[in-house]
Amino acid sequence: MAEAALKESPASAPEDERELTDGFHLIIDALKLNGLTTIYGVPGIPITDFGRMAQASGIRVLSFRHEQNAGYAASIAGFLTKKPGVCLTVSAPGFLNGLTALAHATTNCFPMILISGSSEREIVDLQQGDYEEMDQLAIAKPLCKAAFRVLHAADIGIGLARAIRAAVSGRPGGVYLDLPAKLFGQVMDAEAGTKSLVKVIDAAPAQIPAPDAVKRALDVLKGAKRPLIILGKGAAYAQADDAIRALVEKSGAPFLPMSMAKGLLSDLHPQCAGAARSTVLKDADVVMLIGARLNWLLSHGKGKTWGGKGHKDWGGQKFIQLDISPQEADSNVRIDAPLVGDIGSCVAALLKEIGSVSKPPAEWLNAVAEKKKGNVAKMTETLAKNPTPMNFHSALNVVRDIVKANPDAMFVNEGANALDFTRSIVDMYKPRKRIDVGTWGIMGVGMGYCVAAAVVSGQQVIAVEGDSAFGFSGMEVETVCRYDLPVCIVVMNNNGVYKGTDQDPTGRDPAPTVFVKGARYDRLMEAFGGVGVNAATPAELRKAMEEAIRSKKPTLINAVIDETAGTESGRITSLNPTAGKKK
Ligand code: ADP
Ligand code: TZD
Ligand code: MG
């Protein structure tokens, strides 16, 4: 096709004077044409020059130390911007390193494009042992929403357009785009090249819900005596913040934010039932899910959590589900009123038709308020303690204050106890500020998320990281320092995974869950010119966080946490299989 395009070029100019372009430039032009102006990646054959040229063209090219972290950065950039985050990797091993993040993006419904260079098709397909040989397209396919390969320069425009549409339309997800080495240098007529590019129009078209589905949903909602609204990260992603707030307030129902939907409405909103979670899940008679799946994070919508008698029993409530995926309804329990469409359109349709609504019965609102009051009082008491050594609560009491004083800061969080305690203690005030381990409970997103959050938002980033969680992406502190990003990392150092107290019963090795005692993660930061602080008390932690935010310097605070303070697997201890055979 490159040859065909050459032949089609205007006959007016003599062949040797015609302006030419190549694969490198066409990919760059196609990205820019579609507003994709940031790339997260790792350089190497065959994409080193591509990265250089992209940078020279004004695209922001952020180089990482490992592709997985670049991929996580791209995935969360997709969540934050509603545009596909772009990750760029080299062939085989680089591609595989990026693939975890692509699968993560797909699982979490984040739009992302993994662009990977690949080796010579002729050699790969004959399995003749090329440099970094691998059939990448075949491997990517089951792990993403769509996968494409471009063989001809003239198809670059269409290839990228297909990738963008697949990533952001319908339920967003990860897309793989395979670019073999030969493509980059392929030459074609510049004018024909420009004409071959596609500016994608309306990449994620509104999906309007059917009027009878809207009516059905409102009938169910209005019939509720004990309504509950659950906001998921799909609702946060939709950027329909005002409409969602209006619907929640109009309904008067208590709402429960899933982890990454915290702050969509402030955690301090009077209708927020975060502090009465177990009560509202168990006792609500109608539950409206807005961009949240009834997966493991919501106990599959059944069982004791939901007031069911047994482990798998339905609790008797009715569900309304707003989701862009028509296949999501009934995935775990019966959905009485599925409302299929994009959240913005669904919520707008509900608001338009809702008319007058009476507030939920006082009995229900009082029961929720009572429960909240009790739990908040208990938490306030716990947070006021100042034990030695510092524990999760006394450290997080500081983080909570700092976030309250800096509500625009982006907040990254991963770990087990370091995640669960933080999620319940640190309130969020604005939409899309909290980004965390997501649907898989994945460790390793931390530093990639920090870089993308800083780059996308231009705001201060605060990260609360378990010491194990941090280790998965720790080397990227160099990246944070290199780009001089305003990132303040707090490592909750309890000497290990969950706790630092396990022992090898044979006495030979350290236990599988423990790390070097008293490790100084702050010194890693100093190695790259960032600020490192060791904080053994809440006062030291507060001072260090305040200084980090004031100075905007890359900072890592090693928060020394009581190694006995955590619990196995944080809040999900029960998911650990138990041995059938007793010792
Ligand atoms: P959480 O983990 O917060 O409960 P999930 O990731 O389980 O959230 O669910 C998010 C849901 O939101 C997915 O089912 C996805 O299809 C849906 N979704 C994502 N984007 C949109 C959108 N723009 N409009 C409607 N639904 C969306
Ligand atoms: N690997 C990956 C990619 N994701 C995971 N979730 C795990 C392993 C298993 N895992 C958890 O689920 S939490 C966790 C691991 C290794 C680390 C917990 O230790 P931490 O947090 O130091 O980060 P706390 O505060 O000590 O509990
Ligand atoms: Mg730990």
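Reading the values: rules and limits
- Residues numbered from 1 in each chain as written.
- Chains lettered and ligands numbered in written order.
- Predicted model: local features only at pLDDT ≥ 70, side-chain atom pairs only at ≥ 80, totals over all residues.
- Heavy atoms only, no water.
- Axes fitted to C-alpha atoms, helices over the stretch in contact; angles between N-to-C directions.
- Helix = DSSP H or I, 4+ residues; strand = E, 2+ residues; numbered from the N terminus.
- Parallel < 35°, antiparallel > 145°, perpendicular 65-115°, else oblique.
- Left-handed = near helix turned anticlockwise from the far one by under 90°.
- Contact = heavy atoms within 4.5 Å.
- Core = buried A, V, L, I, M, F, W, Y, C linked by side-chain atoms within 4.5 Å.
- Buried < 20%, exposed > 50% of the residue type's maximum accessible area, 1.4 Å probe, protein only.
- Pairing = 2+ DSSP bridges.
- Phe/Tyr/Trp six-rings, centres within 6.5 Å; stacked < 30°, edge-to-face > 60°.
- Salt bridge = Lys/Arg side-chain N within 4 Å of Asp/Glu carboxyl O.
- Near = heavy atom within 4 Å.
- Polar contact = N/O pair within 3.5 Å; in protein donor to acceptor, adjacent residues only side chain to side chain.
- Areas by Shrake-Rupley, 256 points an atom, 1.4 Å probe, with all protein chains shown as cover.
- Nonpolar A, V, L, I, M, F, W, Y, C, P; charged D, E, K, R; others polar.

Time to look at the packing of helix α4 (residues 67–81) against helix α5 (residues 92–108). Geometry of a packed helix pair, given as the angle between the helix axes and the separation of the axes. In the contact formed by α4 and α5, the axes pass within 7 Å of each other and the chain directions differ by 30°. Accordingly, the angle class assigned to the pair α4 and α5 is roughly parallel. As for the relative orientation of α4 and α5, their crossing is right-handed in sense. Two secondary-structure elements touch here, α4 through Glu-67, Gln-68, Gly-71, Tyr-72 and Ser-75 and α5 through Gly-94, Asn-97, Gly-98, Thr-100, Ala-101, His-104 and Ala-105.

Our focus in this paragraph is the nonpolar core. Formed by 58 residues in total, the largest nonpolar core has its most connected members in Tyr-40, Phe-79, Tyr-176, Ile-435 and Ile-489. If we ignore the near neighbours within four places in the chain, the residues touching Phe-79 are Phe-110, Pro-111, Lys-233, Ala-236, Tyr-237, Met-260, Arg-432 and Ile-435. If you look at the next biggest cluster of nonpolar residues, it comprises 40 residues, including Ala-54, Leu-160, Ala-161 and Ile-164.

This next bit is on the sheet that holds strand β2 (residues 38–41). Within the open sheet, the 6 strands sit side by side as β3-β2-β4-β5-β7-β6. Their pairing is parallel. Both outer strands of the open sheet, β3 (60–63) and β6 (146–149), are each paired with one neighbouring strand and no more. Going across the sheet, the axis of each strand differs from the next one's by a mean of 20°, ignoring polarity. The pairing of strand β4 (residues 85–89) with strand β5 (residues 112–118) spans 5 bridges and is parallel. Among the inter-strand pairings, Val-86 is bridged to a residue of β5, identified as Ile-113.

With that settled, the discussion passes to the packing of aromatic side chains. If you walk through the whole model with that rule in mind, you get 9 aromatic pairs. Between Phe-470 and Tyr-521, the aromatic rings sit 5.8 Å apart at their centres with planes inclined by 85°, giving edge-to-face as the arrangement. Residue Phe-470 is located in helix α20 (residues 467–471), and its partner Tyr-521 is located in the loop between β17 (487–493) and α22 (522–526); the two are separated by 51 residues in the primary sequence. Each member of the pair, Phe-470 as well as Tyr-521, is classed as buried. Here a set of aromatic residues connected by ring pairs shows up, and it is made of Phe-24, Phe-50 and Phe-184.

Now for the pattern of salt bridges. Throughout the structure, instances matching the rule amount to 26 salt bridges. In this structure, Arg-550 and Glu-547 form a salt bridge, with 2.7 Å as the shortest nitrogen-oxygen distance. Here the residue Arg-550 and the residue Glu-547 both occupy positions in helix α23 (residues 538–551), the gap between them amounting to 3 residues, near one helical turn. Among the residues examined, Arg-550 registers a relative accessible area of 59% and is labelled exposed. The structure contains a network of salt bridges with shared partners spanning Arg-121, Asp-125, Asp-135, Arg-149 and Asp-178.

Neighbouring ligand 1 are 19 residues; Arg-171, Lys-233, Arg-293, Asp-323 and Ile-343 lie closest to it. Between an oxygen atom of ligand 1 and a side-chain N or O atom of Asp-323, the distance comes to 2.5 Å. Protein coverage of the free-state accessible area of ligand 1, which is 580 Å², stands at 97%. Counting residues per element, the shell around ligand 1 draws most heavily on helix α12 (residues 233–237), at 3 residues. A class-by-class count of the residues in the shell around ligand 1 yields 8 nonpolar, 6 polar and 5 charged.

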